[in-house]
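Observations on the model geometry
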Protein chains: 2
Amino acid sequence: MTPPRLTARHFTRYLPILDWGRRYDRESATSDIVAAVIVTIMLIPQSLAYALLAGLPAEMGLYASILPLVAYTIFGTSRALAVGPVAVVSLMTAAAIGNLGLSDPVQIALAAGTLAFLSGAILLVMGVLRLGFLANFLSHPVIAGFITASGVLIATSQLKHILGVEAHGHNLVGLVGSLVAHQGETNLYTLVIGVSATAFLFWVRKGLKPLLINAGLKPRLADIAAKAGPVAAVAVTILVTWAFGLNARGVAIVGEVPTGLPPLTLPSLSPALWNQLFLSALLISIIGFVESVSVAQTLAAKKRQRIVPDQELIGLGASNVAAAVSGGYPVTGGFARSVVNFDAGAETPAAGAFTAVGILLAALLLTPLLYFLPKATLAATIIVAVLSLVDFSILKKSWTYSRVDFTAVAATILLTLGFGVETGVSAGVIISIGLHLYKTSRPHVAEVGLVPGTQHFRNILRHKVETRPDIVTLRVDESLYFANARFLEDYVLNRVACEQPLKHVVLMFPAVNEVDMSALETLEELNRRLGDMEISLHLSEVKGPVMDRLKRSHFLDELTGEVFLAQYDAWKKLTGTPVRAAS
Amino acid sequence: MTPPRLTARHFTRYLPILDWGRRYDRESATSDIVAAVIVTIMLIPQSLAYALLAGLPAEMGLYASILPLVAYTIFGTSRALAVGPVAVVSLMTAAAIGNLGLSDPVQIALAAGTLAFLSGAILLVMGVLRLGFLANFLSHPVIAGFITASGVLIATSQLKHILGVEAHGHNLVGLVGSLVAHQGETNLYTLVIGVSATAFLFWVRKGLKPLLINAGLKPRLADIAAKAGPVAAVAVTILVTWAFGLNARGVAIVGEVPTGLPPLTLPSLSPALWNQLFLSALLISIIGFVESVSVAQTLAAKKRQRIVPDQELIGLGASNVAAAVSGGYPVTGGFARSVVNFDAGAETPAAGAFTAVGILLAALLLTPLLYFLPKATLAATIIVAVLSLVDFSILKKSWTYSRVDFTAVAATILLTLGFGVETGVSAGVIISIGLHLYKTSRPHVAEVGLVPGTQHFRNILRHKVETRPDIVTLRVDESLYFANARFLEDYVLNRVACEQPLKHVVLMFPAVNEVDMSALETLEELNRRLGDMEISLHLSEVKGPVMDRLKRSHFLDELTGEVFLAQYDAWKKLTGTPVRAAS
């Protein structure tokens, strides 16, 4: 039986379903179906709303919640992640398509599908090449700042639906300016529906659950009932709009949503379009992956499970390709729906497939009922959902902890609000990396001396220590590489330029984890220049791997001084040698 | 007298001439004038040749060697640096202007001047903002690889002048292909002149000096005579071409070079052109600055002088702006001419101003003589000059020392040869930074144990050490930041997943110089997850600055374990506690 088992294990690397699927039983299925029903109820209004946010027809939101979920069930590793259209990725889709300046709805839908395809392809390639670690280059504060600023942008972008006016813009200034310019056109009926729906949904979120528990419902049931709030808002506003014919009085409605299976669609193969969408697709892939993995890891940890980030890239990539071929647009794992899925008891990724069946039934049966659905209701759903993402406390937290992190967060928030999501997140990554490089390009170097009566050496500025005029000992508190090697050289040469009968410079390397080739050349240069001044250069406490590396060069042969295992050995040896007076 | 002196010292920050100029005397002037004469003789053919390399009229090379030298005299800090057109920057200028697809010579000259202006402006801004450290992000191996590959490209690009054929291309494949395609058109007269001049110049470089010394000349004089070789080649080939009327037989000549003062020119103010040239100007600025500073520092060190890199940005920026307004093109400090200047005894930047006078006299008096100068002679000058830059030994050296550095060098060389200078140097920077981040994103973590009978802890894989099944001690050999925090978390959680009655995890931080906010959040998460498994997390040997930082967060309050000053304290305390058996 060995060969078949080996094959199966080989396949399960890329097809996790073969692993959990073999152990799937009736009990798990029951749990998964219950969770799927609850997630479906939550997802129907959300799918429609996020499609609206992305500037796409409502049905594309439903299509994006069917086949992609099946793909994730097959390829994903998280047992709780619920995939589909999400707020931030929808906003990024709107920005990407907005860049193209299209007006034909067919072209717009094609561009959205192509964006999903490119994003899926990027994720799959990253997964196969195991490049998941690249996502680590988005620092936590940058992500937090980006999500908060995106939430503000999304909420602001939905105000036009609440007011019933036309307004455009991909940044805060543009959006607010556009709203102010069009405020005179506010439609009163729309405003009443929008404000009521928003207020109702906020109340459902904060006030309904305690009420239901007081009324005797079990907490978990009360929680689930509260999640159905948006469905109630949808149903009531549809009825009101239909009953009073409000669509004839200027209330924008969703209108005709095609009934039936998702269409088979193909992405555009135009190189020009690919070129225009590539960067956007890359940003969507990375943001989607980072968000999704962080949700999946949080939920997995609660049950002592582990997810496989590189396989998650494959799962999300397959989902996006599935979205591209079935009339959808870019998808990823959503925070709120995954938590609901988890809380409702989902045990395996099969819950996603059951949810897909639920949404499919909605697409087949419910779409005629959505004709009178006011866009203001969907906008209210979005506003209430995204405001929970907005959390400016990251500014205060990062300010307290580190100015560098604060700078990255503040810049990301300001640039996202001021120039839109794509600029914001790109700048965030560049600023994080730039500030990190800047920090390490000026390593901490401390001049140290012997703590009397011990073998310890400490900073001469912080402690009362013994020093000698003919010896300078510098402790380098950073790995040496191309960006900071010159700084060390300048530091040493400036220190040495003082009038002092200096004979020895000792560099302590206990915290130097690496010396790259640029740094090696700098050390060689330093050794030569100190040699010209008749000053010996010594090293002490060099780590094993660094020493191995240095031995492969000529540096140690040319070194004017010695390499000491411990700084105290250097001190004993050098203070024991006769000291020549300064001439 | 205090206020005026303060003003003067304030000015000397930006005008170093006020510092050395006050002490300038007849003796220094004599040395500077001698050096200037020698550099002028060397610079006349070089200026013409490099203008040819840049695809510009010969006189622009002369103009670029007049006012820019005066500007550097005023603003520069190096006492030996000789500024003017250099090979690599000329090649980059050719590439930048080639991108524009211009054919009108007036437009081409305007673009070259604009490029010098933009490059000058970038350098001045960097100087005022003290951004000289940015140049450190070009690692030594990348620079070495880039210069070598550029040398190969430049030499290849000049072969068309030696053969007397038309050939184009900004990369090696294109150049060689173009040469092969046009080889049938080779002009025999041109070939003879080109090959003879090249052979002569190589002989001058290698064989003439020993010959002259044997003939009784002093070594320094012999050296200087050898430097005049190109002038001899120029004179002889002009005479031959004129005498035999070779220009009528297909030998390409320099032709009419305008006589007179450099023209006053203004850069284009077209935003479209600025936009097209900006990236090229940035790369030229950085490469020019790095080259120039490294030459200047090497020469300054020989006389125990120091240069001021940020002021060098101002000096080179002013030189380029001067080139832009006087009919020149981008300039920087050249290696060969600076060494000649230094060896010939230049004592102050005034030598540059005297050289400018020499070139000015040439522009006023000698240009009619250059009419019959074959382009093949200039090409020979370039080939002989740049082949001294080509040094592939960097490949072997970096291979021995570090695969990461080797990758950066090899990629830079291949990309420069394959895609031209701009792609090559951009890729070099990105690859250096990328590889550095990749390296630090997988920090070295060692599991350690107590060396029996000591208080030292060493890697359990390398040493025979004492461990306990309920304690895991991990030494982290890298600062923790956003790119590597997740790696540590995964490492610890994977280690902890083994079947073992584990109660304590100790992280040793002696080499952790920084914990940024992303890493802090990861440590908090790790603490929580280990807490869920009833495992305590401890820290030991945390550095002062890191500890200060951690105290500003809630991490230490939430930590399930303790922070120990020394790892041995942790060991004593934790092994003293009663160990519960695994359930």
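Residues numbered from 1 in each chain as written. Chains lettered and ligands numbered in written order. Predicted model: local features only at pLDDT ≥ 70, side-chain atom pairs only at ≥ 80, totals over all residues. Heavy atoms only, no water.

The criterion, for reference: UniProt positions are given in the numbering used here, feature names are shortened, and annotations may be inferred rather than shown by experiment.
With an unreviewed UniProt entry as reference, chain A is termed Sulfate:proton symporter, source organism Pseudoponticoccus marisrubri. Here is the UniProt Subcellular location (unreviewed entry) comment for chain A, exactly as written: "Membrane".

1. Notes on the domain arrangement of chain A
A common way to express how large an interface is: the accessible area buried when the components associate. Note the threshold: These domain boundaries are the output of an automatic or database domain assignment.
Each assigned domain of chain A is listed with its residue range as follows: domain 1 (24–368 + 376–410) and domain 2 (445–576). Taking the mean C-alpha position of each, domain 1 of chain A and domain 2 of chain A sit 56 Å from one another.

2. Some remarks on the packing of helix H19 (residues 403–419) of chain B against helix H20 (residues 421–440) of chain B
Residues and elements named next belong to chain B. What counts is decided by this rule: An axis is simply a line fitted to the C-alpha atoms; with a helix, the fit covers only the stretch in contact. Between two such axes, the angle follows the N-to-C directions and lies from 0 to 180 degrees. Strands here are runs of E lasting at least two residues and helices are runs of H or I lasting at least four, both read from the DSSP assignment and numbered beginning at the N terminus. Should an angle lie under 35 degrees it is considered roughly parallel, over 145 roughly antiparallel, and from 65 to 115 roughly perpendicular; all remaining angles are considered oblique. A crossing counts as left-handed when the near helix is turned anticlockwise from the far one by less than a right angle, and as right-handed when that turn is clockwise. Whether two residues are in contact is decided by their heavy atoms: any pair within 4.5 Å suffices. In the scheme used here, Gly and all other residues not listed as nonpolar or charged are polar, with Ala, Val, Leu, Ile, Met, Phe, Trp, Tyr, Cys and Pro taken as nonpolar and Asp, Glu, Lys and Arg as charged.
Across the interface, H19 lies against H20 with an axial gap of 8 Å and an inter-helix angle of 160 degrees. Relative to H20, the element H19 is oriented roughly antiparallel. Judged by the twist between their axes, the crossing of H19 over H20 is right-handed. Side by side, H19 and H20 meet where Val404, Thr407, Ala408, Ala411, Thr412, Leu415, Thr416 and Phe419 of the first sit next to Val421, Thr423, Gly424, Val425, Ala427, Gly428, Ile431, Leu435 and Lys439 of the second. Taken together, the residues that form the contact of H19 with H20 break down as 10 nonpolar, six polar and one charged.

3. Here we look at the sheet that holds strand E7 (residues 536–540) of chain A
Residue and element names in this part refer to chain A. Filter applied, for reference: When DSSP locates at least two bridges between a pair of strands, those strands are taken to pair.
In spatial order, the strands read E4-E3-E5-E6-E7-E8; together these six strands make up an open sheet with mixed pairing. The open sheet terminates on both sides in strands that have one partner only, identified here as strand E4 (457–459) and strand E8 (563–564). Bridge count for strand E3 (residues 445–450) against E4 is three bridges, and the pairing is antiparallel. When the sheet's bridge partners are listed, leucine 450 is paired in E4 with phenylalanine 457. Packing against the sheet, helix H25 (residues 567–576) makes contact with E3, E4, strand E5 (471–476), strand E6 (504–508), E7 and E8, and its axis sits at approximately 175 degrees to E6.

4. A word on the environment of Gln297(A)
Condition: Exposure categories follow from relative accessible area, calculated using a 1.4 Å probe and restricted to protein chains: below 20% of the type maximum is buried, above 50% is exposed, and the middle band is partly exposed.
Position of Gln297(A) relative to the elements: it lies in helix H13 (residues 271–302). Classification of Gln297(A) as buried rests on a relative accessible area of 10%. For the pair Gln297(A) and Thr156(A), spaced 141 residues apart in sequence, the C-alpha separation works out to 30 Å. Ignoring any residue separated from it by four or fewer positions in sequence, one finds Gln297(A) in contact with Ile307(A), Pro309(A), Arg486(B) and Arg529(B).

5. Considerations on H13(A)
Here is the rule we go by: The length a helix should cover is 1.5 Å for every residue beyond the first. The reported bend at a residue is simply the angle between two axes, fitted to the 7 residues ending at it and to the 7 residues beginning with it.
With 32 residues, H13(A) extends 45 Å from end C-alpha to end C-alpha; this agrees with the ideal 46 Å at 1.5 Å per step. Leu277(A) marks where H13(A) bends most, by close to 45 degrees.

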